[in-house]
Amino acid sequence: MDSPNYRVNFWVKPRPGYGWNLDAYVLTEAGDITEVLRWVEEHADGRRFEVFAEIDEEPVLPLGTPGPVGWFGCWEAIQILVYPERYLSKSD
């Protein structure tokens, strides 16, 4: 794999007492994780997020067949350490 694909999940609660809504993206041909995190920062709009890097090409399997575990990373934890004020809120 020349360049990994990155999966980005944005999470938001529409209002207190509701479940989390997912807005998911796959980024292809990104230069590196710095470029991906820049894209995330531009599109997060205050939402929580996760970033996963695809380390191997995903095999094509028959419908209903579990795929292999091949994801690495949850960059939100790093972002929380670097920018804790963005993630501290009493509304969660």
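These figures come from a predicted structure and were not determined experimentally.

Asker: Can you walk me through the side chain of Asn9 in this structure?
Answerer: When you line up the elements, Asn9 lands in strand β1 (residues 6–12). Discounting residues that sit within four places of it in the chain, Asn9 has contacts with Leu22, Asp23, Ala24, Arg48, Phe49, Glu50 and Phe52.

Asker: Honestly, unusual backbone geometry in this entry has me stumped. Any pointers?
Answerer: For residues other than glycine, phi is negative in most cases, and the peptide bonds are mostly trans. For Glu29, which is not a glycine, the phi torsion comes out positive at approximately 60 degrees. Positionally, Glu29 belongs in the loop between β2 (21–27) and α1 (33–43). For Glu29, a relative accessible area of 71% corresponds to the exposed category. The phi angle at Asp45 is positive, at roughly 50 degrees, despite the residue not being glycine. Looking at the secondary structure, you find Asp45 in the loop between α1 and β3 (48–54).

Asker: Please explain the side chain of Arg47 as it appears in this structure.
Answerer: Position of Arg47 among the secondary structure elements: in the loop between α1 and β3. Polar side-chain contacts of Arg47 include one of 2.9 Å to the side chain of Asp23. Residues within four places of Arg47 in sequence aside, it is in contact with Phe10, Trp11, Val12 and Asp23.

Asker: Could you clarify how one ought to interpret the pairing of β1 in this entry?
Answerer: Both faces of the sheet carry side chains from a regular strand, because those side chains alternate between them. Bridge analysis of β1 against β2 gives seven bridges, and the strand direction is antiparallel. Across the sheet, residue Val8 finds its bridge partner in β2, namely Tyr25. With six bridges joining them, β1 and β3 adopt antiparallel strand pairing. Among the inter-strand pairings, Tyr6 is bridged to a residue of β3, identified as Ala53.

Asker: What's the story with α1 in this structure? I'm lost.
Answerer: For the α-helix, the turn length of 3.6 residues means that residues three or four positions removed from each other point alike. Considered for burial, the residues of α1 that qualify are Val36, Leu37 and Val40. Buried residues of α1, viewed axially, fall in a sector of 95 degrees; they line one side. The distance from a side-chain oxygen at the start of α1 to the backbone nitrogen of Thr34 is 3.1 Å, and the residue carrying that oxygen is Asp32. Note on α1: the residue one or two positions beyond its end, Asp45, has a positive phi of about 50 degrees.

Reading the values: rules and limits
- One numbering rule holds for all chains: residues counted from 1, following each sequence as written.
- Per-residue local features of the predicted model are confined to residues with pLDDT of at least 70, and side-chain atom pairs are confined, for both listing and counting, to 80 or more; whole-chain, interface and lining totals are unaffected and use all residues.
- Heavy atoms throughout the structure, all of them, feed into the side-chain values; hydrogens and water do not.
- Helix and strand assignments follow DSSP, with helices taken as H or I runs no shorter than four residues and strands as E runs no shorter than two, numbered in order from the N terminus.
- The contact criterion used throughout is that any non-hydrogen atoms of two residues lie within 4.5 Å.
- When accessible area is computed with a 1.4 Å probe and restricted to protein chains, residues below 20% of their type maximum are described as buried, those above 50% as exposed, and intermediate ones as partly exposed.
- Polar contact is defined as a pair of N or O atoms within 3.5 Å, subject to the rule that within protein one atom must be able to donate a hydrogen and the other to accept it, and that residues adjacent in sequence are counted only when both atoms are side-chain atoms.
- Strands pair, by our definition, only if DSSP identifies at least two bridges between them.
- Taking the helix axis as origin, the arc is that swept by the directions to the C-beta atoms.

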